[in-house]
Structures are given as structure tokens and as C-alpha cells.
Amino acid sequence: MFNYPQKFDVIVVGAGHAGCEAALASARIGLKTLLLTINADTAAQMSCNTAIGGVAKGQIVREIDALGGEMAKNTDATGIQFRILNRSKGPAVQSPRAQCDKKLYQFTMKHTIENQKNLYFKQAEVTEILTSKNKAIGIIAKPSIKFFGDMVIVTTGTFLKGLIHIGETTYNSGRSGEFAAMHLSDSLKKLGFTVGRLKTGTPPRVNGKTVNYSKCVKQPGDDPPTPFSHFTAKILQPQLPCWLTYTNKKTHKIIAENFHRAPLFSGQIKGIGTRYCPSIEDKVKKFPEKERHQIFLEPEGYNTEEIYCNGIATSLPYDVQFEMLKTIPGLEKCEIIRPGYAIEYDFCQPTQLKPTLETKIVENLFFAGQINGTSGYEEAGGQGIIAGINAASKIKGNPPLILRRDEAYIGVLIDDLVTKGVLDPYRMFTSRAEYRLLLRSDNADLRLMDYGYKYGLINKDVYGKFKKYREFVFKKNVKFKEDILPWTKKIVKYEIEIGQKYAGYIKRQIADVERFKKIEDKKIPEHINYSKIPGLLTESRHKLEQIRPVSVGQAARISGVTPADIGILMVWFAKNSKKSEKSFV
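Criteria and thresholds
Residues numbered from 1 in each chain as written. Predicted model: local features only at pLDDT ≥ 70, side-chain atom pairs only at ≥ 80, totals over all residues. Heavy atoms only, no water. Pairing = 2+ DSSP bridges. Helix = DSSP H or I, 4+ residues; strand = E, 2+ residues; numbered from the N terminus. Axes fitted to C-alpha atoms, helices over the stretch in contact; angles between N-to-C directions. Phe/Tyr/Trp six-rings, centres within 6.5 Å; stacked < 30°, edge-to-face > 60°. Lys NZ or Arg CZ within 6 Å of the ring centre and 35° of its normal. Disulfide = S-S within 2.5 Å. Buried < 20%, exposed > 50% of the residue type's maximum accessible area, 1.4 Å probe, protein only. Salt bridge = Lys/Arg side-chain N within 4 Å of Asp/Glu carboxyl O. Contact = heavy atoms within 4.5 Å.

1. Some details on the sheet that holds strand 11 (residues 169-172)
Within a sheet, neighbouring strands are paired by backbone hydrogen bonds and run either parallel or antiparallel to one another.
Piece 1. Pairing in this open sheet of four strands is antiparallel, and the strands run 11-10-19-12 from one edge to the other. Either end of the sheet is taken by a strand with one partner, and the two such strands are strand 11 and strand 12 (195-202). With strand direction ignored, the average angle separating the axes of adjacent strands in the sheet is 25°.
Piece 2. With eight bridges joining them, strand 12 and strand 19 (residues 341-348) adopt antiparallel strand pairing. Residue Arg 197 lies in a different strand from strand 19, and its bridge partner there is Asp 346.

2. Quick word on the packing of aromatic side chains
Piece 1. What the rule picks out here adds up to 11 aromatic pairs.
Piece 2. Look at Phe 259 and Phe 265: their rings are 5.2 Å apart centre to centre, the planes differ by 85°, and that puts the pair in the edge-to-face class.
Piece 3. Within the aromatic cluster, the residues linked to one another by ring pairs are Phe 2, Tyr 4, Phe 8, Tyr 120 and Phe 147.
Piece 4. Sitting over the ring of Phe 322, Lys 326 keeps its end group 4.7 Å from the ring centre.

3. Let's talk about the state of the cysteines
Piece 1. The final tally for this structure, using the stated rule, is zero disulfides.
Piece 2. In this structure Cys 48 is not part of a disulfide, and its nearest cysteine sulfur, from Cys 277, lies 6.6 Å away.
Piece 3. What makes Cys 48 partly exposed here is its relative accessible area of 23%.

4. Let's talk about the pattern of salt bridges
Piece 1. Under the definition given, this model contains 42 salt bridges.
Piece 2. In this structure, Lys 543 and Glu 539 form a salt bridge, with 3.7 Å as the shortest nitrogen-oxygen distance. Of the two residues, Lys 543 and Glu 539 are both situated in helix 16 (residues 538-547); the distance of four residues between them amounts to about one turn of the helix.
Piece 3. Classification of Glu 539 by relative accessible area gives partly exposed; the value is 47%.
Piece 4. Through salt bridges that share partners, Arg 405, Asp 415, Asp 416, Lys 420, Glu 434, Glu 520 and Arg 557 make up one connected network.

5. Things to note about the environment of Arg 292
Piece 1. Position of Arg 292 among the secondary structure elements: in the loop between helix 8 (280-286) and strand 16 (294-299).
Piece 2. Residues Arg 292 and Ile 371, 79 residues apart in the sequence, show an inter-C-alpha distance of 34 Å.
Piece 3. Among all residues touching Arg 292, those that are not within four sequence positions of it are Tyr 246, Thr 247 and His 252.

What follows is the structure in C-alpha cells.
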């Protein structure tokens, strides 16, 4: 076993969307950071579709950007079609989305990582977490290397014992064509973590040269395209259209006749799949009355003919996929480049995490991304930047960043995960946020750039310009200059109009937030002994012991904890407020 001679401050395991944001945040804060991945060529790979953003997800990307992350900038540099979704609806649900050039996105992010000061990027499969006295101290990687570090962040995506299904055929893979990580989840189990199994899937990709687009409906992007990042002045690269087509009765008949060969129904797949992004066979089975389902044909880049068939994720056998596609208008003569598949993988229940994303079981060990039961690049990136900031903050002795539910979709995401856990892959929606009128995509900078500056990810010059812009929006007698920030040239009038038009609703939500803060700010001692609080229901006592909420507000959101239990906690704290914490631990 070779002990690597350099010790690192932070070690990040996995270079997907969570890992890239975590490593960049840590390095930019000034810490020596090691980023490890099984295949260095696939850092920031867009494993499923080539889109960033969407409803609620677009808000998360803008929040990552406001905190000083990279996803929005990378999207602006590589996007081939930009759209604002729900433009005809209210501002709370309007969300940016962009198709990206798959390989350009991947290699642009890889180049950013390779050029980042304090960041060391290496190819190696991590097999074990090293601990001492219940603290993470490093990792073991193939081929027999020990890397030591003060903090470890695990961001393994779908690679933990990944198992691909295409009909009756199964094989281990992290994603199609790549090795799975077959040992790391065993290490996590030995450390005491509860490990479960989830499933997700992708559709077939076809050769665009074999698609008859005349039978499809053209779907252009916005003109002009709206950038994702607050720091992008204009999208300069050419834009490409997508195309819309539909399944039909013939398609559904072929699928239904092969239900017995579908891994999803035959019992072959054990993991729980995504509720909100079902496979085409699941749609046909659950909604037999529907005569058609839409399919978006999305180009994967400028220099490829590969088309992503969004809407028909499937794990049906190859021959069934072949016949199914031939029934779809425009795809009658299509050639499959890659078949659709399902993938099962290990994850850890996120109730084993603190709101900082540090694990409760092992100190200095953080989890981010799909290992926490989420789905989507955006949810992963949001967790990644928070894990990177908090790992760095712990080393520096600074307070952690815990975003509240009224501050960010990232706050809603993490609170949902650590408080409620997951039964199926978690996907963010605007409906999950109680204060979505406050958490708009247009005001992510106003909500979060203070934190980006505080934690060292937004530089002083940018922050100074941002403050002037904010003062103008809130009418503090500051003359507006269009060069304050690139993003403000498009948004300043819109921001002021929203503030005026929705003033009553915003005022009401702010009042709700103030009431929310009253119980959220009532902190619960970390080592409180709930068995010493009389009157709690047995189920509630068990849940409180398991989750260890940090505040009364978080306790109130735990499934199974009743309003009566919260009342008991409030009374107990009131009676013991003058006593030392030791009196009830």
C-alpha cells in the first residue's frame, strides 16, 4: 500500500455535478483539495439528458451561481438552446432551461477543474473510507493508494454497485460503458450506514441523419436566449432547435405485448424508481386510456448527430426498443446508437446527515448528490456546493452554511432530505417550496450573493457592483449603471415591476417567514435526551432520536411528529430555559 506523500484538506470522491461543485468551492475558498474519479475523461458527464434547469431546477442553478458555483457559467458557455419555461404563468414558477452540447459541457468543466488553483484532479477508484476515532481521515483507492485528508466528501452518483438492465440482460456499470464502484458501499455499511437501492433510467439515442424531421414539430428556443449566470452578458454561440413527436396506439401495443419481458414488471429490478420521470412502459401500464405520449427529440451537440429521445426512457429488450421506435412519426427509419436502459445503484438514507451534509455517524465525512437519494444534475450541484463550503468552513473554524426554506430551493432540498428521508429518487418542484414567490429565478442573487461573498466564492469587486444593483432595486437613491453586473441589464426593470405588482403577496409571504423563524430559531441542544421529556408519543420519540433535529421548526416537519408533540417540546424548553443543557441530556 502506497501512502500518497501530500496530505489534503478536502478529498472529494466522484467528479459528477455534485463533486465538481464541491471541489471547486473548497479549492476557491483556499483549501488544498483532491478530486478523484473512476474515469477522468467523464468528469461532469451528462449521464442522462443534455439539459440543465427546468421547473424549480433552474432556480437551483441560479442559486448555485449566486453562491459562486460553476454550473450556470458552464451552461452559458455550452448551451445550444435556451428557454424560459412557464413564461405565460406567474414569476414564482417561471424557470430557465437550456440544452447543452454534451461533450462541450463535459470538457469545459474538466478544463475549469484542471486550471483551478488548489485543486488536484486524479483518476482512481475509491474503495474505502479511512477513519480514526470515528472521524474520516482519508480514503483508499485503486491501485492500493492511501490519500489522507481532514475532510472527505462522497459524491458517487449512480456508481455504487451500479447494475444496468436492458431487458433480460444485466451487467455491472456506473453508467453505460463505465465501470461501477463495487466496493465503496461495503465500506459505508461497515461504518454503520443504512444503505438502500434506487433505480433510474434513460431513453434510446438515435442517429439524427435517420430521423424524418418533416413529420415532427419544430421547437425553437427563445430569441434572444436568456443567460443562466448573473455574470454572463450575452449568449454568443449559435442555437439549435428541438423537435416534438408522439407515441401512438401501435407503439403502446408493442410495449404492452412485452410487459412480461420488462425488468420493471418481471421482478428483475429491485430498486425503487423515479416517481416523476417514469419509463414509457410504466406510462403505458398506468395510463392505458392515453392514446399518445410526447417525445422531444433533442440534439446532443454541434458536432454529433446523436439525438436524445426525451420521453421514452425504457429498460425493455433491445429488439422491443427497435420495433417500438419504428412506430413513432419521424423515427420510422431511425438507427439506434445507444439503447435505453435502467440502472440500479446503492444510496444512503439522507436522514443520516446533518443539515450541513456532514454525516451523523462519522465526523468530517460529507455526502452530496445521488448518494443522498436525489435525482438530477441540479439537485446534485446544489448539494455539492453546500458540502464544499461546509467542509471548508469546518477546517477554518467558521460557522456552517445552512440555508433556510425561505432563503433558497437548495434550503428546501436539503431540509426535505435530512428531515424526511426518501422512498424514491427526490426531484425538486416549485410545489415543494412554501415560499416560492420569494424564491424566484430572477432574484437568486438578491437572496444568496451575500453568502457567496461571506464564504469567499464571490470576489470583492463583483460584490461591490452587486450591492449597488441591490440598492437601486430597493430604491435607496443610487443611480443605476448598466455595467453593474451583466445580468442586471435584462432584469432590473422586471425586478422592480414584480416588487410592485406582487407587493401584497410578497408582504404576506414575508410575514409567514417571520412566523416560521420564531420556531425555526428555537434551537434544540445537540445531545438532548428525548426519553427524559414526558408525554411524547413513542413513535415521535423514536423519530426525534433518529433525526436529531437542530430546531423546533425542523422537528415539526418530521413525518410522524404531531403538533401535540411540538407543544410538549415548547413547554419543556420554556420550563428548562434557565437550566443548563446538562439537565435534560
